[in-house]
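So the chains spell out like this:
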Amino acid sequence: MSNTQRKQFPFSEYEPQWQTFWLENNAFSVPNPGELEFDPQRPKYYVLDMFPYPSGEGLHVGHVEGYTATDILARYKRMCGFYVLHPMGWDAFGLPAEQYALKTGQHPAITTKRNISRFRNQLQSLGFSYDWNREINTTDPNYFKWTQWIFLQLYGSWVNPASGKAEPISTYNGKDPDSVRLAYVAEMPVNWCPALGTVLANEEVVNGRSEVGGFPVERRPMRQWMLRITAYAQRLIEELEGLDWPESIKLLQRNWIGRSEGAEVIFRTDSSTLNVFTTRPDTLFGATYLVIAPEHPLTGVLTTSHRQAEVGAYKKAISSKSDLERTDLNKEKTGVFTGSFATNPVNGEKIPIWIADYVLMGYGTGAIMAVPAHDERDFEFATKFSLPIRYVVAPTATKSCEPISGCFTGEGAAIHSPLIEGLPTAEAKRQITAWLEKEGAGRLAIHYKLRDWLFSRQRYWGEPFPIIWEQGQHYPLDSTSLPLCQPEVADFKPTDTGEPPLARAKEWVHYSDAAHRETNTMPQWAGSCWYYLRFCDSSNSSRFVSQTAEQYWMGGGKPGGVDLYVGGTEHAVLHLLYARFWHKALFDLGQLSTPEPFQKLVNQGIILGSDGQKMSKSRGNVVSPEHVIEQYGADSLRLYEMFVGPLEQMKPWSMKGVEGVYRFLARVWRLAFKEDQEGHWDVSSELKDIPMTSGQLRIVHGTIKKVTSDIESLSFNTAISQMMIFTNEFTSASPCPIEALHILLRLLSPFAPHLCEEAWSKLVLRFPNFESSASRQVWPEYDESLLIENEVELVVQINGKVRSRLLINRSATSSEIESAVLALPKVMEDLAGKLPIRVVVVPNKLVNIVVH
RNA sequence: GCCGGCGUGGCGAAAUGGCAGACGCAAGGGACUUAAAAUCCCUUAUCCGACAAGGGUGUGCGGGUUCGAAUCCCGCCGCCGGCACCA
């Protein structure tokens, strides 16, 4: 279809008009508790999109998909009488604006403002029913004031092991409060990216390269702000339970947190003790050597003098390797012998201690006992270095006298293990752990893969830390001094000495003669960790969210507050884990009323290009929403993205498919209007205030039922199919009962709001019950009794194959049905005198006759 | 390697234990038109048969459970996503 093609209905005229109307009338703004027009009796529904980073690229068809889904829910719930919180905002701190600033010298705030304005216009051109009064922007000082305030809450609290909850740091009685704060400073090896000039979180590093830009990342020790998310590891796993999230996402989070239960075992050496972590304490008798990580603090002590040269060379070689090289699974195992031995507590045996980079300092205790017979990695290492392999677990099917070879990692029965001989693995673990505890040689231990969250960045365009330094000690700023804004700088690059760009603002850094400001900034995730809370009360200047607003919008008797949260899978472990962590900490501190942020989570699938490939500029298969709106209208774009397939599924784009839904909308339009000679659309003369036939009633009420349940289950594609069936039915109705259209326009209005508003506002000229506007109508209800037909058609099967059909009254009993079916000529013919062995009757559906 | 998801016409899909292919696209035929576009109507999984009547086959492959399986179970194959020396 060319641009000059005459439009089948005047969407390009009315769509912008309705968008302006909604905007100017604040049509979708919703009151908060305590406000004048607020009715406390009404239920709430909080439906949220993952807010976008306002990139220079503008809106993408992928955004439109998720945003349309939530908009349908929002409009539907409003019509059902809910107060609907459906807000939008901008996750506007971040690298691209800063990179652009580096190149052009333009302040990121200017770029950000321009991009936001473009994004907002694009969203408005799709008719999304956001409450724009609640719009937020993470880079706005009135917003990040509270991001900084939350940081101070984390800084000022710790997780008390006794309660398992965050408490004010004042309840901590130990000597060094700084060692337990939820926000703390640590000198640690970090992911330093030279190209980006910053450190990155583990989650931002993919295969040894930066997620943004794909630049190499190296390990380097630096002083950094950390958030103690590991204190919440257990709760972050357990409390997934009560959430309506896809199982796959829950699993992704569980795997990321990576809980493993086992034992720490103490091995004595001549000079010290070595603590190792194992999930298989039942294999202790099979430990033939120990391995410690190259970064382990005891490497020096344990290396004997004549091994020093070799160990030193090995450690040096390792430290120069990138993470990518170190974690390459295909590479051969490497390691060196320290010269020392350790004593196995269960049998007093002396076993050699090795250093190898297949043991990671960051997990467990950075030391392992190697049981090559029952661990693949140890097996590989032992084979290469000719270390002994001792079998201590027999697969239960095998008799213990049979020889075992290779590596057996499964569970079985303990053998050659005096304390636990013959016990099944689970029991063996329990008994040996109990024995170790009794002997003071070990204890039950749980470790997590999850690491603390590296929270500082050497960037300009982020929230400054409300922290000052005095004589090497950090102190919080008073919350009354917030927001702490970034200073103006002439250059957004890090300084030559590697300090963050904020260090360039000497006056700003100078807090007093004795103290200076922290010059790191927070990562982009900070602002998105709590934005859903700010939406509840976005203009509050005295609190991050008022308690009444938070209790109303986040309440509802479930663990999570947001009723529906829609966004991409790419945030499965980053944003969603961070936000849960902040939420729990604030909940513990009494600032929030629910333990979880998001009750129901749905991931929309990716929209591929029409070639089935991921959309990208380089492939030239990118579809621009603006272009589609221009040709087919916003309603068509919305409807197409919902019709093309299930929300959560990956689906290719098809312009022909857009034309299909466009034609459907045109048919709906022509139900209401007919075009005259001059090209004006007049209300159709077919429309009459007449009752519907019983057949029409059945379709209308069947459609109400299906569309309602399909919206509730987010099955928008089948809801649209049903409305197409409805429309096809009435296209040929002459005259056409106006009641049918009155219902259809309400059912369709969440999907195609512009068309429905326009039609509604024109139809009122002839039919007075089209008063007010379509989006202010009450959702139609269906009458179940109208769906039931007296006569039902039964499928008649013989041995599971359809052989005939039977029309029969739905009140017929099973035996009546059976005799009626057996009397059918076709059935008698097919049976040819044979007697049925069995007749299965499924009421109102089918009869199956079983014969030999 | 481990974990998860998916596999149905020419295409997007529907049906989650009861008529496989709703709805849409594409294709073909017809009506309207001087003509075209748009619109409206019909056909459209596949094979045998005559485009009939009637019948066979068919939801990645091979088995199983069941009166009955796209749907449940077991074993494979393929594609997609996540994790990746986590002891």
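What counts and what doesn't
- Residues numbered from 1 in each chain as written.
- Chains lettered and ligands numbered in written order.
- Predicted model: local features only at pLDDT ≥ 70, side-chain atom pairs only at ≥ 80, totals over all residues.
- Heavy atoms only, no water.
- Helix = DSSP H or I, 4+ residues; strand = E, 2+ residues; numbered from the N terminus.
- Buried < 20%, exposed > 50% of the residue type's maximum accessible area, 1.4 Å probe, protein only.
- Contact = heavy atoms within 4.5 Å.
- Lys, Arg positive; Asp, Glu negative; His and termini not counted.
- Charge placed at Lys NZ, Arg CZ, Asp CG, Glu CD.
- Pairing = 2+ DSSP bridges.
- Axes fitted to C-alpha atoms, helices over the stretch in contact; angles between N-to-C directions.
- Near = heavy atom within 4 Å.
- Polar contact = N/O pair within 3.5 Å; in protein donor to acceptor, adjacent residues only side chain to side chain.
- Nonpolar A, V, L, I, M, F, W, Y, C, P; charged D, E, K, R; others polar.
- Domains from an automatic or database assignment.
- Parallel < 35°, antiparallel > 145°, perpendicular 65-115°, else oblique.
- Phe/Tyr/Trp six-rings, centres within 6.5 Å; stacked < 30°, edge-to-face > 60°.
- Core = buried A, V, L, I, M, F, W, Y, C linked by side-chain atoms within 4.5 Å.
- Left-handed = near helix turned anticlockwise from the far one by under 90°.

**Q** Looking at this structure, how should I read the overall build of chain A?
**A** What chain A contains, in helices and strands, is 26 helices and 38 strands. C-alpha extents for chain A along the principal axes are approximately 100 × 90 × 50 Å. Of all 852 residues assigned to chain A, the portion counted as buried reaches 54%. When contacts within chain A are restricted to residue pairs at least 6 apart in sequence, long-range pairs at least 24 apart make up 71% of them. For chain A, the distance from the average position of its 84 positive side-chain charges to the average position of its 97 negative side-chain charges is 3 Å.

**Q** Would you take a moment to explain the sheet that holds strand S23 (residues 473-476) for this structure?
**A** Backbone-to-backbone hydrogen bonds join strands into a sheet, with any given pair of strands oriented parallel or antiparallel. Pairing is antiparallel across the open sheet formed by 3 strands, whose spatial order is S23-S22-S24. The open sheet has two edge strands, S23 and strand S24 (515-517), and neither has a second partner. Shown here is a sheet whose adjacent strand axes are inclined to one another by a mean of 35°, direction ignored. Pairing of strand S22 (residues 467-470) with S23 involves 4 bridges; the strand directions are antiparallel. Residue pairing across strands places isoleucine 468 opposite tyrosine 475, the latter belonging to S23. In this fold helix H5 (residues 141-155) packs onto S22 and S23, with an angle of close to 125° to the strand it touches most, S23.

**Q** I would appreciate a short explanation of the protein's contact with RNA strand B in the present structure.
**A** Taken together, 52 residues lie near RNA strand B, and Ser260, Thr279, Lys333, Arg377 and Gln649 sit nearest. For RNA strand B, the fraction of atoms within 4 Å of the protein that belong to sugar or phosphate moieties is 67%. The side chain of arginine 805 places a nitrogen or oxygen atom 2.7 Å from a base oxygen of RNA strand B. Those elements that provide at least two residues to the surface near RNA strand B are helix H7 (247-257), strand S13 (273-278), helix H20 (655-672), helix H22 (716-731), strand S35 (791-798), strand S36 (801-809), strand S37 (838-842) and strand S38 (846-850). Grouping the constituent residues of the surface near RNA strand B by class yields 21 nonpolar, 15 polar and 16 charged.

**Q** How do you make sense of the pairing of S38 when you look at a structure like this?
**A** Working note: regular strand, side chains alternate between the two faces of the sheet. As paired strands, S35 and S38 are joined by 4 bridges and run parallel to one another. Residue pairing across strands places isoleucine 798 opposite isoleucine 849, the latter belonging to S38. As judged from the 5 bridges shared by S37 and S38, these two strands associate in the antiparallel manner. Its bridge partner being in S38, valine 839 is matched across the sheet by isoleucine 849. The hairpin turn running from S37 into S38, its antiparallel successor, is 3 residues long, and asparagine 844 in that turn takes a positive phi close to 60°.

**Q** Sorry if this is basic, but what is going on with the domain arrangement of chain A here?
**A** Accessible area lost during the coming together of the parts is what is often quoted as the interface size. When cut into domains, chain A gives domain 1 (259-448), domain 2 (681-786) and domain 3 (789-850). Taken over C-alpha atoms, the centre of domain 1 sits 70 Å from the centre of domain 2.

**Q** Would you explain the pairing of strand S11 (residues 218-227) in this entry?
**A** Pairing of strand S7 (residues 183-193) with S11, which is carried by 10 bridges, proceeds in the antiparallel orientation. Bridge pairing in S11 places methionine 188 opposite methionine 222.

**Q** Just checking my understanding: could you explain the packing of helix H19 (residues 634-643) against helix H24 (residues 753-763) for this structure?
**A** When two helices pack together, their arrangement is captured by the angle between the axes and the distance separating the axes. Interaxial distance between H19 and H24 falls to 7 Å at its minimum, and their mutual angle equals 130°. With respect to their mutual orientation, H19 and H24 come out oblique. Contacts from Ala634, Asp635 and Arg638 in H19 reach Pro753, His754 and Leu755 in H24. Among the residues making up the contact of H19 with H24, the classes are represented as 3 nonpolar, 1 polar and 2 charged.

**Q** How should H24 be read in this particular structure?
**A** Of all the 11 residues making up H24, 9 are buried; the element is thus mostly covered by neighbouring parts of the structure. Inspection of H24 places Pro753, His754, Leu755, Cys756, Glu757, Glu758, Ala759, Trp760 and Leu763 among the buried residues, and these make up the whole buried set.

**Q** Explain the packing of aromatic side chains to me, please; I cannot follow it from the model alone.
**A** For any pair of aromatic rings, the description consists of the separation of the ring centres together with the inter-plane angle of the planes. Applying the stated criterion to the full structure yields 60 aromatic pairs. With centroids separated by 5.6 Å and ring planes inclined at 25°, the aromatic side chains of tyrosine 14 and tryptophan 669 adopt a geometry described as stacked. With tyrosine 14 in helix H1 (residues 11-24) and tryptophan 669 in helix H20, this pair connects stretches of sequence that are 655 residues apart. Tryptophan 669 shares its class with tyrosine 14; the two are buried. Measuring from centroid to centroid gives 3.6 Å for tryptophan 453 and tyrosine 578, while their planes differ by 0°, and the two rings are stacked. Here tryptophan 453 is found in strand S21 (residues 453-454), whereas its partner tyrosine 578 is found in helix H17 (residues 575-588), with 125 residues between them in sequence.

**Q** Any chance you could explain the nonpolar core here in plain terms?
**A** Nonpolar side chains in soluble globular proteins generally cluster together in the buried interior. Phe151, Trp582 and Phe751 are the most contacted members of the largest nonpolar core, which has 182 residues in total. Take this core: its biggest share by element is 10 residues, from H20. Counting residues in hydrophobic clusters, the runner-up holds 47 residues, among them Ile351, Trp354, Val359 and Val371.

**Q** Is there a simple way to explain the sheet that holds strand S8 (residues 198-200) in this structure?
**A** One open sheet accounts for 4 strands, arranged S8-S7-S11-S21; its pairing is antiparallel. If you trace the sheet from one side to the other, it starts and ends with S8 and S21, each paired once. Where S7 meets S8, 3 bridges bridge the pair, whose relative direction is antiparallel. Looking across to S8, one finds that cysteine 193 is bridged to threonine 198.

**Q** What exactly am I supposed to notice about the side chain of arginine 457 here?
**A** Relative to the elements of secondary structure, arginine 457 occurs in the loop between S21 and S22. Given the relative accessible area of 0%, arginine 457 is considered buried. Within the structure, the side chain of arginine 457 is placed 3.1 Å from the backbone oxygen of leucine 454, a separation counted as a polar contact. Not counting chain neighbours up to four residues away, the residues in contact with arginine 457 comprise Thr198, Val199, Leu200, Ala201, Glu204, Asn520, Thr521, Met522, Pro523 and Trp525.

**Q** How should I be thinking about the packing of helix H21 (residues 694-712) against H22 in this particular structure?
**A** Contact geometry for H21 and H22: axes closest at 8 Å, N-to-C directions at 165°. Taken together, the axis directions place H21 and H22 in an arrangement best described as roughly antiparallel. Both H21 and H22 take part in a crossing whose hand is left-handed. Seen from H21, the contacting residues are Gln696, Ile699, Val700, Gly702, Thr703, Lys706, Val707, Asp710 and Ile711; seen from H22, they are Phe716, Thr718, Ala719, Gln722, Met723, Phe726, Glu729 and Phe730. Of the residues assigned to the contact of H21 with H22, the class counts are 9 nonpolar, 5 polar and 3 charged.

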